[in-house]
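Coordinate analysis (summary)
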Amino acid sequence: VDGNGINTLFCYALNGDKNNRWEKLEKTQPDEKRVHFLVHGGSNAATVMRRTAEKVKTTFGLSNKYVMRKPSLLKTLVGAEKQKWHQDHFSHTGAPIYSAIIAVDSRNVIVGRLGSRPLSHTNVHLKPGDVLVFRTDLCHCGAGLMSNEKAIGAHMFLDAENEPDLGRDTFNSLPDRTTVR
């Protein structure tokens, strides 16, 4: 995502600050320091995200059936702990669904591989403008934020089957005993 797109997303996030639109992700976070809000479909931020979705589809050869769903902004507050390991969604139709995270500010995402012995993980550092695309059934978590600045990002699903309840089971898809090292 180019600098103009990043600036558009950042300004939309500031508007969310002014209008108190952020909602806590209380049930899903260990420390209530991550918040989000849905991006309005007619906004400039949604336009940036749609363009990004089109680039992702072209880059990965996804069919035109794939559409952007549930675009949202994410804000990680100073002192946030690492998220719980989770999957964004488990497809009920069997068709792959993808998540895309756009870094507005630098951020780290940790991706893990269940089923490997030993369980392993990789830290992915995203710089502003980077886009991380992964299947929604990939086990991952947001890293903690110990810097003195909050981190803004954007998230969207790319779905070809109009999956019901997309994202509803995000933090319920892995049993509590699941660990990734």
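Details of the pattern of salt bridges
- Evaluated as defined, the whole model comprises four salt bridges.
- Between D130 and K127 there is a salt bridge whose closest N-O contact spans 3.7 Å.
- Overall, the relative accessible area of 24% leaves D130 in the partly exposed class.
- Two residues, D137 and R135, come together in a salt bridge whose shortest N-O distance is 2.9 Å.

A closer look at the packing of aromatic side chains
- What the rule picks out here adds up to two aromatic pairs.
- Where Y66 meets Y98, the ring centres are 5.8 Å apart and the plane angle is 55 degrees; that geometry is what we call tilted. With Y66 in the loop between α2 (44-60) and β3 (67-76) and Y98 in strand β4 (residues 98-103), this pair connects stretches of sequence that are 32 residues apart. Of the two residues, Y66 and Y98, both sit in the buried class.

Quick notes on the pairing of β3
- Of all the 10 residues making up β3, seven are buried; the element is thus mostly covered by neighbouring parts of the structure.
- Both strand β2 (residues 34-38) and β3 contribute to a ladder of five bridges, which runs antiparallel. Across the sheet, H36 pairs through a bridge with L74, a residue of β3.
- When β3 meets strand β9 (residues 151-159), the two strands line up antiparallel, connected through eight bridges. Bridge pairing in β9 places M68 opposite L158.

Things to note about the side chain of Q83
- Checked against the element boundaries, Q83 lands in the loop between β3 and β4.
- A polar contact is formed between the side chain of Q83 and the backbone nitrogen of G142, at a distance of 2.6 Å.

Some points on the nonpolar core
- Residues L9, M49 and L73 are the most contacted members of the largest nonpolar core, which totals 26 residues.
- Looking at which element gives the most residues to this core, the answer is α2, with six residues.
- Beyond its immediate sequence surroundings of up to four residues, M49 is in contact with L9, V39, M68, P71, S72, I102, A154, H155 and M156.
- Within the second largest apolar cluster, seven residues are counted, among which are A103, V109, L126 and L132.

What to know about the sheet that holds strand β8 (residues 139-142)
- Read across the open sheet, the three strands follow the order β6-β5-β8; overall the sheet is antiparallel. The sheet is open, and its two edges are formed by β6 (120-126) and β8, each paired on a single side. Taken over all neighbouring pairs, the strand axes of this sheet differ in orientation by 25 degrees on average, direction set aside.
- Sheet topology note: the strand β5 (residues 107-113)/β6 ladder contains seven bridges and is antiparallel. In the sheet register, R113 faces β6, and the bridge partner there is S120.

Here is what the cut-offs are and how they apply
- Residues numbered from 1 in each chain as written.
- Predicted model: local features only at pLDDT ≥ 70, side-chain atom pairs only at ≥ 80, totals over all residues.
- Heavy atoms only, no water.
- Salt bridge = Lys/Arg side-chain N within 4 Å of Asp/Glu carboxyl O.
- Buried < 20%, exposed > 50% of the residue type's maximum accessible area, 1.4 Å probe, protein only.
- Phe/Tyr/Trp six-rings, centres within 6.5 Å; stacked < 30°, edge-to-face > 60°.
- Helix = DSSP H or I, 4+ residues; strand = E, 2+ residues; numbered from the N terminus.
- Pairing = 2+ DSSP bridges.
- Polar contact = N/O pair within 3.5 Å; in protein donor to acceptor, adjacent residues only side chain to side chain.
- Core = buried A, V, L, I, M, F, W, Y, C linked by side-chain atoms within 4.5 Å.
- Contact = heavy atoms within 4.5 Å.
- Axes fitted to C-alpha atoms, helices over the stretch in contact; angles between N-to-C directions.

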